[in-house]
Every structure is written in structure tokens, then in C-alpha cells.
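Okay, here's what each chain looks like letter by letter:
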Amino acid sequence: DVKVTQSSRYLVKRTGEKVFLECVQDMDHENMFWYRQDPGLGLRLIYFSYDVKMKEKGDIPEGYSVSREKKERFSLILESASTNQTSMYLCASSPRDRGETGANVLTFGAGSRLTVL
Amino acid sequence: GQNIDQPTEMTATEGAIVQINCTYQTSGFNGLFWYQQHAGEAPTFLSYNVLDGLEEKGRFSSFLSRSKGYSYLLLKELQMKDSASYLCVSSDSNYQLIWGAGTKLIIKP
């Protein structure tokens, strides 16, 4: 069963701590994404990557950085966590080739719920 | 600006039919997705429409009208397991995804 695995389901950190969220996919997908999901809002894109060592800012990159050293792994880093970064973080991947339909379908991990105190 | 509107919450009865509407405004258009997300779980892909009309997939159907910027997801023969949030997502001219906040569907026996 193909999947996207996020290393931690629940994390509790203190303000100012450095936080690493790891994501690994076993589908050989080129594209990987980090979103955050907050109540009453649509998913918001933080960063994405279309290839190894490549990264692009999404809609809300401030306070975050990412690393993609290997094709299957995409890490999200919070250099100095703040309370407004308390959220559900979702990692997703998709193939570069959209296929016949042209749809870039995302496969998501189960999510990492981060609480910053 | 780019925007997706869908109802926050809907309630329906087991065995019935429910239609979840979505209107979108995006810069260009490259398709409309619906995802299902059970509480505490990952969103999973349900459907994709890029041409006008109805796409049927078992108990679920999705409709698109590009001229009206409108889509709906139709769920038939509702089951308790259909209780979830349904996310409407538009793809703009750069294939960037614009996500709605989701419609929480509550199924009652």
C-alpha cells in the first residue's frame, strides 16, 4: 500500500524551540508539499519542492524552512517555534506527470498536530 | 483574488441524498477537485472535473459548470461512514491549488 508517512502525529513544543517535521513517501513522486490546516480555513501551502534540493515558497513561508536532500524525504523546519504556529501540518506528494486527465492528485500523510506553548 | 466558497456544515439522514455546493473564483482554471477528510485523518482524493458536466463514480458524483464557477458533489445512499469533511479545491492557470475550508457533513441515523 503506497503511502506518505509523517514521523510524528502529535508534538508539544515550547516557544523558541526548533522543530523538525519529517515526511517520507514511497511512491517515487517528484513533487512534495507542506500545508498547514487550521479550523475555518482552507489548506495553506507553506513550501513545495519539485525535485531533490529544490524548494519553492508557498503562500505562508514566513517562520518556516524546508529541506529535500533525497527524493523521498521532505522536511519542514520551524527555526524558533511560536504559539501562532500551533496547527495541523500535512505533507503531500504527487507525480510530476499529471497523466491523461491532467489532474495533479495529491496523496497526503496522516498529519502532525503541533502545539506550541 | 482567488476564492472558494462552500457551506461550513450540512446534516443529512442515512440512506438519503445530499448535494454539497462549491463556487470558485480563480485566475485561470485547470480543474476542480473534491477531497474527503475524516476527522483526524488525511484528505483523500474523490473526484476531478475539468470539463462541464457530471462525473459519476459509484455513490458519488461531481458536477462542474465552468461558466458559472460552480461545482457540486452529490452523495447518494448515504452511509454513516460518509460523515466527514468534504474539501473543494480549484486548480488555477499555474496548476496551483486553491482550497476551500471544507464542508462538515453529519449523517444521522
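Residues numbered from 1 in each chain as written. Chains lettered and ligands numbered in written order. Predicted model: local features only at pLDDT ≥ 70, side-chain atom pairs only at ≥ 80, totals over all residues. Heavy atoms only, no water.

**Regarding the pattern of salt bridges**
1) Next: A complete count under the given rule lists eleven salt bridges over all chains for this structure.
2) Next: Among the salt bridges present, the one from glutamate 69 of chain A reaches lysine 53 of chain A, with a minimum N-O distance of 2.4 Å. Of the two residues, glutamate 69 of chain A is situated in strand β8 (residues 65-70) and lysine 53 of chain A in the loop between β6 (44-49) and β7 (56-57); the sequence distance between them amounts to 16 residues. By the burial criterion, glutamate 69 of chain A is exposed, and lysine 53 of chain A matches it.
3) Next: We note a salt bridge from arginine 66 of chain B to aspartate 52 of chain B, for which the minimum N-O separation is 3.0 Å. One end of the pair, arginine 66 of chain B, is in the loop between β7 (60-65) and β8 (70-75); the other, aspartate 52 of chain B, is in the loop between β5 (44-49) and β6 (53-57), with 14 residues separating them in the sequence.
4) Next: Overall, the relative accessible area of 43% leaves aspartate 52 of chain B in the partly exposed class.
5) Next: In this structure, a network of salt bridges that share partners links the residues Asp28, Glu30 and Lys71 of chain A. (Salt bridge = Lys/Arg side-chain N within 4 Å of Asp/Glu carboxyl O. Helix = DSSP H or I, 4+ residues; strand = E, 2+ residues; numbered from the N terminus. Buried < 20%, exposed > 50% of the residue type's maximum accessible area, 1.4 Å probe, protein only.)

**What about the side chain of aspartate 82 of chain B?**
Residue and element names in this part refer to chain B.
1) Next: Structurally, aspartate 82 can be placed in the loop between β8 and β9 (84-91).
2) Next: Classification of aspartate 82 by relative accessible area gives buried; the value is 2%.
3) Next: For aspartate 82, the residues in contact, after removing those within four places along its chain, are Arg59, Phe60, Leu75, Glu77, Leu105 and Ile107. (Contact = heavy atoms within 4.5 Å.)

**Comments concerning the interface of chain A and chain B**
One widely used convention gives an interface's size as the accessible area the parts lose upon coming together.
1) Next: At the junction of the two partners, chain A supplies 21 residues and chain B supplies 17 residues.
2) Next: The junction of chain A with chain B conceals about 1,400 Å² of combined surface from both sides, 57% of it contributed by carbon and sulfur atoms.
3) Next: A per-residue breakdown of the area chain A buries against chain B is headed by Leu43, Asn104 and Phe108 of chain A, which together make up 28% of the total.
4) Next: Taken together, chain A and chain B are joined by zero salt bridges.
5) Next: Taken together, the links from chain A to chain B amount to five residue pairs in polar contact (both at pLDDT 80 or more).
6) Next: Mapped by element, the contributors of at least two residues to the side of chain A that touches chain B are β5 (31-37) and β6 of chain A. (Buried area = accessible area lost by both parts, 1.4 Å probe. Polar contact = N/O pair within 3.5 Å; in protein donor to acceptor, adjacent residues only side chain to side chain.)

**Notes on the state of the cysteines**
1) Next: A full pass over the atoms with the stated rule returns two disulfides over all chains.
2) Next: Here cysteine 23 of chain A pairs with cysteine 91 of chain A through a disulfide, and the sulfurs are 1.9 Å apart. Judged by the sign of its S-S torsion, about -75°, the cystine formed by cysteine 23 of chain A and cysteine 91 of chain A is left-handed. A residue pair is termed long-range when its members are at least 10 positions apart, and cysteine 23 of chain A in strand β4 (residues 23-25) and cysteine 91 of chain A in strand β10 (residues 87-94) qualify at 68 residues. There is no split in this pair, since cysteine 23 of chain A and cysteine 91 of chain A are both buried.
3) Next: A sulfur-sulfur distance of 1.9 Å marks the disulfide that ties cysteine 22 of chain B to cysteine 88 of chain B. Measuring the twist about the S-S bond at about -75°, one finds the cysteine 22 of chain B-cysteine 88 of chain B disulfide to be left-handed. Here cysteine 22 of chain B is found in strand β3 (residues 18-25), whereas its partner cysteine 88 of chain B is found in strand β9, with 66 residues between them in sequence. The pair cysteine 22 of chain B / cysteine 88 of chain B is uniform in exposure class, with both members buried. (Disulfide = S-S within 2.5 Å.)

**Observations concerning the layout of surface pockets**
Unfilled space is identified by rolling a water-sized probe across the atoms.
1) Next: Estimates place the volume of the largest pocket at around 690 Å³.
2) Next: Around the largest pocket, the lining comprises 35 residues; the ones closest to its centre are Gln37, Pro39 and Gly40 of chain A together with Ser85 and Ala101 of chain B.
3) Next: Within the residue set of the lining of the largest pocket, elements represented by two or more residues are β10 of chain A together with β1 (3-5), β9, β10 (97-99) and β11 (103-108) of chain B.
4) Next: In terms of residues, the lining of the largest pocket owes the most to one element, β11 of chain B, which gives four residues.
5) Next: Tallied by class, residues from the lining of the largest pocket come to 14 nonpolar, 16 polar and five charged.
6) Next: Considered as a void within the structure, the second largest pocket measures approximately 300 Å³ in volume.
7) Next: What lines the second largest pocket is a set of 21 residues, among which Phe33 and Tyr50 of chain A together with Asn94, Tyr95 and Gln96 of chain B lie closest to the centre.
8) Next: Contributing elements (two or more residues each) for the lining of the second largest pocket: β5 and β6 of chain A together with β10 of chain B.
9) Next: Among the elements that line the lining of the second largest pocket, the one with the most residues is β5 of chain A, at three residues.
10) Next: For the lining of the second largest pocket, the residue count by class is nine nonpolar, seven polar and five charged. (1 Å grid on protein atoms, 1.4 Å probe; cavity = no way out; pocket = protein on both sides within 12 Å on 5 of 7 lines; lining within 4 Å. Points joined across faces, edges and corners; volume = space filled by probe spheres on them. Nonpolar A, V, L, I, M, F, W, Y, C, P; charged D, E, K, R; others polar.)

Read these as spatial facts, not as claims about activity.
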